[in-house]
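Each chain is listed here by its residues.
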2 protein chains.
Amino acid sequence: MTTKIPVVQQILTANDQIADQNLITLNGKGVYAINIMASPGAGKTSTILKTFELLKNKVKMGVVEGDLATSIDADKADAAGIPVVQINTGGGCHLDAVMLQGAFPQLPLSDLDLVIVENVGNLVCPANIKIGTHKNVLVASIPEGDDKPYKYPGMYRGVDALIINKMDLMPYIDFDLDYFLKGVEILNPGLESFPVSCKTGEGFEAWIDWLMKQVKSHDG
Amino acid sequence: MTTKIPVVQQILTANDQIADQNLITLNGKGVYAINIMASPGAGKTSTILKTFELLKNKVKMGVVEGDLATSIDADKADAAGIPVVQINTGGGCHLDAVMLQGAFPQLPLSDLDLVIVENVGNLVCPANIKIGTHKNVLVASIPEGDDKPYKYPGMYRGVDALIINKMDLMPYIDFDLDYFLKGVEILNPGLESFPVSCKTGEGFEAWIDWLMKQVKSHDG
């Protein structure tokens, strides 16, 4: 087994080096980027579409969609008028820095202020893979259950902000928000969290404020 | 890169060999086993608890719980009176045959008819990993959205039965069941599917009938 360890380290290092290059590319163009992660169906694409709707008069935004297969999410973004690139991982359970690097030439980076990258739907694999964005954001959702921070600690530990989606379903689901947030606090003390509903628009002001603050502080 | 390919093949072969040994062990004890997979929070544990409640007078059932961390699910099974073993993968995104093999000595296999293995919550990684059960079952859920078969084809292609959980939330969610089932049919023609609600118990008769048929045909 010892012969394999250096190979793995080398691969990780190569990924991290390219992630650093991606940040240099983004900074050179004045683009702020976030990496959105979540379980399948938590509402990554809906969050992106709603964010675009609320930001489009203030910020020029592009999207990179990561999926195992299909261009369903990219088609939705394209229909909304967002510059978008689809990455199909062909079965791979997370994006990596090389994939994001490959998407850059297909985006009008010089014209953009913000790029949102939608990672593959997965609470495990993308958790500790740097792709070269400024921040990592997790979208949780009420129907997933209030025990998810406890069960997927690596993901909750590694993010810079937390969107809690599908708040409109709260009356129909047994979800203890205090228990959920207690788990989050243990793993990631002080993590900023934004309870929202992509369906009703509830709670989006605070998320948009946070995001605008990030984009502006990056500009300045 | 060429030097790494044989290593990967060797690992896969070793896993599959142990998976075959697991089946031999189970068959020797007259135990039928299923591997339940799903996104995080789709309702694997709830499905197992409801199945136990409905089967406990007919079939002796045990459970193996796979999680990254914690024994939350195993504690629930234990509280319900089900013989249970917890496997923590320590970050690994799926169970493998060695992990299942390691769980066997901790279960009273000679006294059991059925073992349900709950895999790690993930629609990508567990899809093509044999662990040594007789059938693979996927739990989908309405809040995940109707596009999941199209976006996670490897998982939908590789299973022997499909439970569609949280049907009670249908009135509150935009979910096109025809579109969902069309995607399932393309990937896995003729797949038996069971719309249920773990909350209300709706639809469980058909699932229990299917499962009882599997267990009995295995006995005979």
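This structure is a prediction, so every number in the text was calculated from the model and none was measured. (Residues numbered from 1 in each chain as written. Chains lettered and ligands numbered in written order. Predicted model: local features only at pLDDT ≥ 70, side-chain atom pairs only at ≥ 80, totals over all residues. Heavy atoms only, no water.)

1. Looking at the pairing of strand S5 (residues 135-141) of chain A
Residue and element names in this part refer to chain A.
At step 1: The buried count for S5 comes to 5 of 7 residues, which makes it a mostly enclosed element.
At step 2: Sheet topology note: the strand S1 (residues 32-38)/S5 ladder contains 5 bridges and is parallel. Bridge pairing links Met 37 to Leu 138 in S5.
At step 3: Note that S5 and strand S6 (residues 161-165) share 5 bridges and pair parallel. Within the sheet, the bridge partner assigned to Val 139 lies in S6 and is Ile 163. (Buried < 20%, exposed > 50% of the residue type's maximum accessible area, 1.4 Å probe, protein only. Helix = DSSP H or I, 4+ residues; strand = E, 2+ residues; numbered from the N terminus. Pairing = 2+ DSSP bridges.)

2. Let's talk about the sheet that holds strand S2 (residues 61-67) of chain B
Residue and element names in this part refer to chain B.
At step 1: Ordered in space as S3-S2-S4-S1-S5-S6-S7, the 7 strands form an open sheet in which the pairing is parallel. Each edge of the open sheet is held by one strand with a lone partner, namely strand S3 (84-88) and strand S7 (192-195). Sheet twist, expressed as the mean angle between neighbouring strand axes with direction ignored, is 20°.
At step 2: Bridge count between S2 and S3: 5 bridges; the pairing is parallel. Pairing of Glu 65 across the sheet is with Gln 86, part of S3. (Axes fitted to C-alpha atoms, helices over the stretch in contact; angles between N-to-C directions.)

3. Section: the relation of the copies chain A and chain B
At step 1: Turning chain A through 180° and shifting it by 0.0 Å along the axis lays it on chain B, with an RMSD of 0.0 Å. Within this description, the copies of the chain are treated as partners about a two-fold rotation axis.
At step 2: A share of 100% of interface residues in chain A that are also interface residues in chain B marks the association as one of identical surfaces. (Least-squares fit on C-alpha atoms with pLDDT ≥ 70 in both. Contact = heavy atoms within 4.5 Å.)

4. Quick word on helix H8 (residues 204-219) of chain B
Residues and elements named next belong to chain B.
At step 1: With 16 residues, H8 should reach 22 Å at 1.5 Å per residue; the first-to-last C-alpha distance of 22 Å fits that figure.
At step 2: Those residues of H8 not exposed but buried are Phe 204, Trp 207, Ile 208, Trp 210, Leu 211, Met 212, Gln 214 and Val 215.
At step 3: Against strand S1 (32-38), helix H2 (44-55), strand S4 (114-118), strand S5 (135-141), strand S6 (161-165) and S7 lie the buried residues of H8. (Expected span 1.5 Å × (residues − 1).)

5. Considering unusual backbone geometry
With the exception of glycine, most residues fall at negative phi, and the peptide bonds are largely trans.
At step 1: Positive phi, close to 65°, is recorded for A:Lys166, a residue that is not glycine.
At step 2: Residue placement: A:Lys166 occurs in the loop between S6 and helix H7 (177-187).

6. Considerations on the packing of aromatic side chains
Residue and element names in this part refer to chain A.
At step 1: As enumerated under the stated definition, the model contains 13 aromatic pairs over all chains in all.
At step 2: An angle of 80° between the planes, with centres 6.0 Å apart, marks the rings of Tyr 156 and Phe 180 as edge-to-face. Placement of Tyr 156 in helix H6 (residues 153-157) and of Phe 180 in helix H7 is noted, with a sequence separation of 24 residues between them. Residues Tyr 156 and Phe 180 agree in their burial class; the two are buried. (Phe/Tyr/Trp six-rings, centres within 6.5 Å; stacked < 30°, edge-to-face > 60°.)

7. Things to note about the interface of chain A and chain B
At step 1: Counting from both sides, the interface comprises 37 residues of chain A and, opposite them, 37 residues of chain B.
At step 2: Summed over both partners, the interface of chain A with chain B buries about 2,700 Å², with 61% contributed by carbon and sulfur atoms.
At step 3: Of all residues in chain A, the largest losses of buried area upon contact with chain B belong to A:Pro40, A:Lys151 and A:Tyr172, amounting jointly to 23% of the total for that side.
At step 4: Counting the contacts that link chain A with chain B gives 4 salt bridges.
At step 5: The salt bridge involving B:Asp73 is made with A:Lys151; its shortest N-O contact spans 2.6 Å.
At step 6: Linking chain A with chain B are 9 residue pairs in polar contact (both at pLDDT 80 or more).
At step 7: Listing elements by their share of the side of chain A that touches chain B, those giving two or more residues are helix H1 (4-28), helix H3 (72-79) and helix H5 (148-151) of chain A. (Buried area = accessible area lost by both parts, 1.4 Å probe. Salt bridge = Lys/Arg side-chain N within 4 Å of Asp/Glu carboxyl O. Polar contact = N/O pair within 3.5 Å; in protein donor to acceptor, adjacent residues only side chain to side chain.)

8. Things to note about the side chain of A:Gln214
All names here are of chain A.
At step 1: Mapped onto the fold, Gln 214 is located in helix H8 (residues 204-219).
At step 2: Judged by its relative accessible area of 12%, Gln 214 is buried.
At step 3: Once you skip the residues sitting within four places of it in the chain, Gln 214 turns out to touch Tyr 32 and Lys 135.

9. Some words on the packing of helix H2 (residues 44-55) of chain A against H8(A)
Residues and elements named next belong to chain A.
At step 1: In contact at an axis separation of 11 Å, H2 and H8 are set at 75° when each is read in the N-to-C sense. As the angle between them shows, H2 and H8 are arranged roughly perpendicular. Between H2 and H8, the residues in contact are Thr 47, Lys 50, Thr 51, Leu 54 and Leu 55 and Phe 204, Trp 207, Ile 208, Leu 211 and Met 212, respectively.
At step 2: When the residues that make up the contact of H2 with H8 are grouped by side-chain class, the tally is 7 nonpolar, 2 polar and 1 charged. (Parallel < 35°, antiparallel > 145°, perpendicular 65-115°, else oblique. Nonpolar A, V, L, I, M, F, W, Y, C, P; charged D, E, K, R; others polar.)

10. Some thoughts on empty space enclosed by the protein
Sizing a probe to match a water molecule and rolling it over the atoms shows the empty space that remains.
At step 1: Within the structure shown, the criterion is met by 1 cavity of 30 Å³ or more.
At step 2: When its volume is computed, the largest cavity comes out at roughly 60 Å³.
At step 3: Within the lining of the largest cavity, the residues separate by chemical class into 6 nonpolar, 4 polar and 4 charged. (1 Å grid on protein atoms, 1.4 Å probe; cavity = no way out; pocket = protein on both sides within 12 Å on 5 of 7 lines; lining within 4 Å. Points joined across faces, edges and corners; volume = space filled by probe spheres on them.)

11. Thoughts on the sheet that holds strand S7 (residues 192-195) of chain A
All names here are of chain A.
At step 1: A sheet is described by the order of its strands in space; here 7 strands give the open sequence S3-S2-S4-S1-S5-S6-S7, paired in parallel fashion. Edge positions in the sheet fall to strand S3 (84-88) and S7, since each has one partner strand and no second. Recorded for the sheet is a direction-independent mean angle of 20° between the axes of neighbouring strands.
At step 2: Across the sheet, H8 lies against S1, strand S4 (114-118), S5, S6 and S7, angled at about 140° from S1, the strand it touches most.

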